[in-house]
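If you want the building blocks of each chain, they are given just below.
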Amino acid sequence: MKKLLITGGAGYIASHTNIECLASGFELVIVDNFCNSSIEAVKRVEKLAGKKVTFYEADIRDQDALEEVFKKESDIEGVIHFAALKAVGESVQKPLEYYENNISGSLVLYKVMRKYGVKNIVFSSSATVYGDPEKIPVDETARIGATNPYGHTKVMMEQILMDAAKAENWNVVILRYFNPVGAHDSGTIGEDPEYPNNLLPFISQVAAGIREKVVVFGNDWPTPDGTGVRDYIHVVDLATAHVKALQYIDKNPGVHVLNVGTGQGYSVLDMIKAFEKVCGHKIPYEIGPRRDGDVAEVLADPSLAVKELGWKAMYGLDDMVSSAWKWQSMNPKGYRG
């Protein structure tokens, strides 16, 4: 594969993946509708990589617009599918928007891929498909049981893709992300939510004085300190997994499902304490009620990705929080600054 279509290519994880793909010699065609991203991210990726990408502002639910991209870029050989709404809490409040955006968009993309003969795809899935796992750590054979609308959309998007792959003889890697955090070591690209739905950018904004305090959703979970435990993975590690996945399906046809995590868990309070060390001051927080759709603990068993892709997470907690703070400090208004 040489030329790739990146859907949702101006987003957080996509931007870091774009850097790694460009460094590995891929040509990129990026499609994004900017519902939760910025063209500034694309410009900064080009500057960091020293290479240009081809960009189209389009919504993947718009079949005509997507077909125009495939017509103009007739040598696209593979797709990385990031485009989706992605916040657990918001999905509980806006389930119809999540089902319409995530599932309808994926259906249009898959139909257009079929029409234009593109048979290789790496799909951005999530550990939320496991719901409240029966055992920890979670491997890829675990029962699927999402507990919120966002997770349900990922389950459906996976299933539709698996069925299409079987019927169309596609080559697929489904990457089930655990909790991506951190930023590029340059400090010039990172996570830029207007209102943070994920923990680390919220802690970051409180540390910077943008927000008053962190609300911890429950301290009565069955975990060591009562707060939720997650498997946090540095976004650059996650980005390199995509490159490995692209290289893997070149030689290994069929459908492959892989966890992308570290196998190491940290609680909400662990993350706050780690950030306090980096920023040099206390971070105010208060305990709130549990959030609908949350679970106590989710940790990855990443051994299959290590074995099959030859990939392994290289960055630890200090790298995650220090890079997030560098991004926050250098970009107090994110890409809008």
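*Asks:* Residues and numbers for the layout of surface pockets, please.
*Replies:* In this model, the second largest pocket occupies a volume close to 650 Å³. Taken together, 27 residues line the second largest pocket, and the ones lying closest to its centre are Cys35, Asn36, Ser37, Pro193 and Glu194. Where the lining of the second largest pocket is concerned, the elements lending two or more residues are α1 (12-23) and α5 (95-115).

*Asks:* Can you lay out helix α2 (residues 39-49) for me, pointing to particular residues and giving the numbers?
*Replies:* Of all the positions in α2, only Ala41, Val42, Arg44, Val45 and Glu46 are classed as buried. Of the surrounding secondary structure, the elements contacted by the buried residues of α2 are α1, β2 (27-32), β3 (54-57) and α11 (317-330). Where α2 starts, the residue carrying a side-chain oxygen 3.0 Å from the main-chain nitrogen of Glu40 turns out to be Ser38. Just downstream of α2, Gly50 is the residue with a positive phi angle, here 70°.

*Asks:* So, the sheet that holds strand β14 (residues 297-298): which residues are in play, and what are the values?
*Replies:* Here three strands make up an open sheet; going across it, the order is β12-β9-β14 and the pairing mixed. Taken across any chain shown, the strands that pair with only one partner, and hence form the sheet edges, are β12 (266-267) and β14. When strand β9 (residues 229-230) meets β14, the two strands line up parallel, connected through two bridges. What sits directly across from Arg230, in β14, is Val298.

*Asks:* Describe the pattern of salt bridges, naming the residues involved and giving the relevant values.
*Replies:* Taken as a whole and assessed by the stated rule, the structure comprises 17 salt bridges. The salt bridge partner of Glu286 is Lys213, with a shortest N-O separation of 2.8 Å. Separated by 73 residues along the polypeptide, Glu286 in strand β13 (residues 285-288) and Lys213 in the loop between α7 (199-207) and β8 (214-217) bring together distant segments of the chain. The class of Lys213 is partly exposed, set by a relative accessible area of 28%. Here the salt bridges share partners, and the residues they tie into one network are Lys3, Glu73 and Asp75.

*Asks:* Go over the sheet that holds strand β6 (residues 171-177), please, and point to the residues and values.
*Replies:* Note on sheets: strands pair through backbone hydrogen bonds, and any given pair is parallel or antiparallel. One open sheet accounts for seven strands, arranged β3-β2-β1-β4-β5-β6-β11; its pairing is parallel. Since the sheet does not close on itself, it has two edges, and those belong to β3 and β11 (255-260), each with one partner. Here the strands of the sheet are splayed against their neighbours by 15° on average, with no regard to which way each runs. Relative to β3, β2 runs parallel, the two sharing four bridges. Within β3, the residue paired with Asp32 across the bridge is Glu57. Packed onto the sheet, helix α6 (residues 149-168) meets β4 (78-81), β5 (120-126), β6 and β11 and runs at close to 160° relative to β5.

Basis of the calculations
Residues numbered from 1 in each chain as written. Predicted model: local features only at pLDDT ≥ 70, side-chain atom pairs only at ≥ 80, totals over all residues. Heavy atoms only, no water. 1 Å grid on protein atoms, 1.4 Å probe; cavity = no way out; pocket = protein on both sides within 12 Å on 5 of 7 lines; lining within 4 Å. Points joined across faces, edges and corners; volume = space filled by probe spheres on them. Helix = DSSP H or I, 4+ residues; strand = E, 2+ residues; numbered from the N terminus. Buried < 20%, exposed > 50% of the residue type's maximum accessible area, 1.4 Å probe, protein only. Contact = heavy atoms within 4.5 Å. Polar contact = N/O pair within 3.5 Å; in protein donor to acceptor, adjacent residues only side chain to side chain. Pairing = 2+ DSSP bridges. Salt bridge = Lys/Arg side-chain N within 4 Å of Asp/Glu carboxyl O. Axes fitted to C-alpha atoms, helices over the stretch in contact; angles between N-to-C directions.

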